[in-house]
Amino acid sequence: MKRSLRTVTLWMALFGVVVGAAALFVHSSVQAWLDRPLPAQGQLFEVLPGDSLWAVGQRLQRQGLLSPAWLLTAVGQWHGVAGRIQAGEYQLDVGSTPQSLLQKLLRGEVVVYRVTFVEGWTLRQVLDLLQRQPKLEHRLAAADDAELARVLELDSAQPEGWIYPDTYHYRKGESDVQLLRRAHQSMKKRLAEQWSGRATDLPLKSPYEALILASIVEKETGQGSERPQIAGVFVRRLHSDMPLQTDPTLIYGLGACFDGNLTLADLRRPGPYNSYLNKGLPPTPIGLPGEAAIQAVLHPAAGDALYFVAKGDGSHHFSATLEAHQQAVEQYQQRQRRADYRSAPRNGGQ
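What counts and what doesn't
- Residues numbered from 1 in each chain as written.
- Predicted model: local features only at pLDDT ≥ 70, side-chain atom pairs only at ≥ 80, totals over all residues.
- Heavy atoms only, no water.
- Helix = DSSP H or I, 4+ residues; strand = E, 2+ residues; numbered from the N terminus.
- Buried < 20%, exposed > 50% of the residue type's maximum accessible area, 1.4 Å probe, protein only.
- Contact = heavy atoms within 4.5 Å.
- Areas by Shrake-Rupley, 256 points an atom, 1.4 Å probe, with all protein chains shown as cover.
- Axes fitted to C-alpha atoms, helices over the stretch in contact; angles between N-to-C directions.
- Parallel < 35°, antiparallel > 145°, perpendicular 65-115°, else oblique.
- Left-handed = near helix turned anticlockwise from the far one by under 90°.
- Nonpolar A, V, L, I, M, F, W, Y, C, P; charged D, E, K, R; others polar.
- Salt bridge = Lys/Arg side-chain N within 4 Å of Asp/Glu carboxyl O.
- Expected span 1.5 Å × (residues − 1).
- Phe/Tyr/Trp six-rings, centres within 6.5 Å; stacked < 30°, edge-to-face > 60°.
- Polar contact = N/O pair within 3.5 Å; in protein donor to acceptor, adjacent residues only side chain to side chain.
- Pairing = 2+ DSSP bridges.

Engineer: Account for the overall build of the chain, naming residues and giving values.
Structural biologist: Scanning the chain from N- to C-terminus turns up 13 helices and 6 strands. Scored against the burial criterion, the 350 residues of the chain give a buried share of 41%. Across the chain, every contact between residues at least 6 apart in sequence was considered, and the portion connecting residues at least 24 apart equals 66%. Working note: accessible area of the chain is about 19,100 Å², and carbon and sulfur atoms make up 54% of it.

Here it is in structure tokens:
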């Protein structure tokens, strides 16, 4: 009886050793497979909504990027990844392994693209840029201002200026509508914050009027440090009931008719954006103002300047009287005859 018990114990110990060795072999083999680089050279693959880990593995195997697919599923189920993979576009970089692939799927590390809306751009320029993004779903290709205002849930039918210029990130499958709404919400938030802390005694009745004036300051500014001074000039003109007399509003109103040169006929042409003929603000913004332009309008620099003229290096000369301004214009117009004269900096000056 004792011999039989010892025999059974011996066989059980031997079986345990064999099982342990087998488990160790399987574990080391699986770990070696998990750590083995995949034959990837930066390929993209997509996980569709509702895809299982098995479907993803099979697709990668057909593309020659992973083998065997069943092992990916088995390991994924063991680690609880199988039911939590996120849809999207993924990239297999050089040196990627099944282990790093599973981690990417678990964390949802999808490929992210970015797009930048530039200060001073018009809304149409923004829409043109969005249409050139192949990874975006396009819904606004034929949208007019009324449709854009509806999409952005504006109170008026004028969407110009309501997009915050910044860099935005998006994933494949997102729509231009989603991206535009995010940019609009950013503008609303920043404008509201700036408006609540505005200076006193401004000739602006609403945040929208601040947005309009900020868009003009954005277009007139060559060097960022001058924004408060330029804003101060326009604020004083509004206080004095003077026309703003700014070329960017006129150019915006001319639209496609503008050929790059303003003429005397253009200055005399009636229209809502002719700030030489009309007093006060134009009816809408003329582009996308950045936060610095909004800040400048709501906290303009003090002073007595009512005029400014481009000096040719991107900066401006400011004058308090018309006589001094005319002298400055004559002085800097002479520079325009020089080959190195520039009305704005080479790098844009923003």
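Engineer: Explain the packing of helix H3 (residues 69-78) against helix H4 (residues 98-107) to me, using residue names and the numbers behind them.
Structural biologist: Helix-helix packing is characterised by the crossing angle of the two axes and by the distance between the axes. The contact between H3 and H4 brings their axes to 11 Å, and the two run at 55°. The angle between H3 and H4 places the two elements in the oblique class. In terms of crossing hand, the pair formed by H3 and H4 is right-handed. Residue-level inspection shows Leu-72, Val-75 and Gly-76 of H3 in contact with H4, the latter providing Pro-98, Leu-101 and Leu-102. A class-by-class count of the residues in the contact of H3 with H4 yields 5 nonpolar, 1 polar and no charged.

Engineer: How would you summarise the pattern of salt bridges if you had to cite specific residues and measurements?
Structural biologist: Within this structure, the stated rule accounts for 14 salt bridges. The salt bridge involving Glu-89 is made with Lys-135; its shortest N-O contact spans 3.1 Å. With Glu-89 in strand S2 (residues 88-92) and Lys-135 in the loop between helix H5 (123-131) and helix H6 (145-151), the pair connects residues that are 46 residues apart, well separated along the chain. Close ionic contact of Lys-189 with Glu-193 constitutes a salt bridge, the shortest N to O distance being 2.8 Å. Taken as a pair, Lys-189 and Glu-193 lie in helix H7 (residues 176-196) at a separation of 4 residues, close to a single helical turn. Taking the relative accessible area as the measure of exposure, Lys-189 reaches 52% and is therefore exposed.

Engineer: Could you give me a rundown of the environment of Leu-250, with the residues and numbers involved?
Structural biologist: The residue Leu-250 is located in helix H10 (residues 247-254) in this model. In this structure the C-alpha to C-alpha distance between Leu-250 and Tyr-273, which are 23 residues apart in sequence, comes to 5.4 Å. The contacts of Leu-250, once residues within four sequence positions are left out, are Leu-262, Asp-266, Leu-267, Tyr-273, Asn-274 and Tyr-276.

Engineer: Provide a residue-level description of unusual backbone geometry, including the pertinent values.
Structural biologist: At Glu-153, a position not held by glycine, the phi torsion is positive, near 60°. Note on placement: Glu-153 falls in the loop between H6 and strand S4 (167-171). Of note, Gln-245 is a non-glycine position whose phi angle comes to about 50°, a positive value. Along the chain, the position of Gln-245 falls in the loop between helix H9 (227-239) and H10.

Engineer: Mind laying out helix H8 (residues 207-220), listing which residues take part and the relevant values?
Structural biologist: If you check H8, its first and last C-alpha atoms are 20 Å apart, about what 14 residues at 1.5 Å a residue would give, namely 20 Å. Taken across its 14 residues, H8 has 10 buried, putting it largely inside the fold. Along H8, the residues that are buried comprise Ala-210, Leu-211, Ile-212, Leu-213, Ala-214, Ser-215, Ile-216, Val-217, Glu-218 and Glu-220. Where the residues of H8 are buried, they touch H7, H9, H10, helix H12 (291-298), strand S5 (307-310) and strand S6 (316-319).

Engineer: Could you give an account of the packing of H5 against H7, with specific residues and numbers?
Structural biologist: Put simply, H5 and H7 touch, their axes get as near as 11 Å, and they point 140° apart. With respect to H7, the axis of H5 lies oblique. In terms of crossing hand, the pair formed by H5 and H7 is right-handed. Between H5 and H7, the contacting residues are Val-126, Leu-127, Leu-130 and Gln-131 on the first element and Asp-176, Leu-179 and Leu-180 on the second. Tallied by class, residues from the contact of H5 with H7 come to 5 nonpolar, 1 polar and 1 charged.

Engineer: Break down the packing of aromatic side chains for me, citing the residues and quoting the values.
Structural biologist: How two aromatic rings sit relative to each other is set out by the distance from centre to centre and by the angle between their planes. All told, the structure shown has 7 aromatic pairs when counted by the stated rule. Summarising the aromatic geometry, the rings of Phe-45 and Tyr-90 are spaced 5.6 Å apart at their centres and angled 20° between planes, so their arrangement reads as stacked. Taken as a pair, Phe-45 in strand S1 (residues 43-47) and Tyr-90 in strand S2 lie far apart in primary sequence, 45 residues in all. Exposure remark for Tyr-90: the relative accessible area of 0% places this residue in the buried category. The structure contains a cluster of three or more aromatic residues connected by ring pairs, namely Phe-234, Phe-308 and Phe-318.

Engineer: Could you give an account of the environment of Tyr-113, naming the residues involved and the relevant values?
Structural biologist: Its place among the elements puts Tyr-113 in strand S3 (residues 112-116). For Tyr-113 and Arg-171, which are 58 residues apart along the polypeptide, the C-alpha to C-alpha distance reads 6.1 Å. If near-sequence neighbours (up to four positions away) are discounted, Tyr-113 is found in contact with Leu-44, Glu-89, Lys-135, Tyr-168, His-169, Tyr-170 and Lys-172. Within the local environment of Tyr-113, its side chain forms a polar contact with the side chain of Glu-89, the two groups lying 2.8 Å apart.

Engineer: Just give me the short version of the pairing of S5, but keep the residues and values in it.
Structural biologist: Working note: regular strand, side chains alternate between the two faces of the sheet. Along S5, one buried face is formed by Tyr-307 and Val-309 and the opposite face, lined by Phe-308 and Ala-310, is buried too. Alignment of S5 against S6, held across 4 bridges, turns out to be antiparallel. Looking across to S6, one finds that Phe-308 is bridged to Phe-318. Between S5 and S6, which follow one another and run antiparallel, lie 5 residues, and Gly-312 among them has a positive phi close to 105°.

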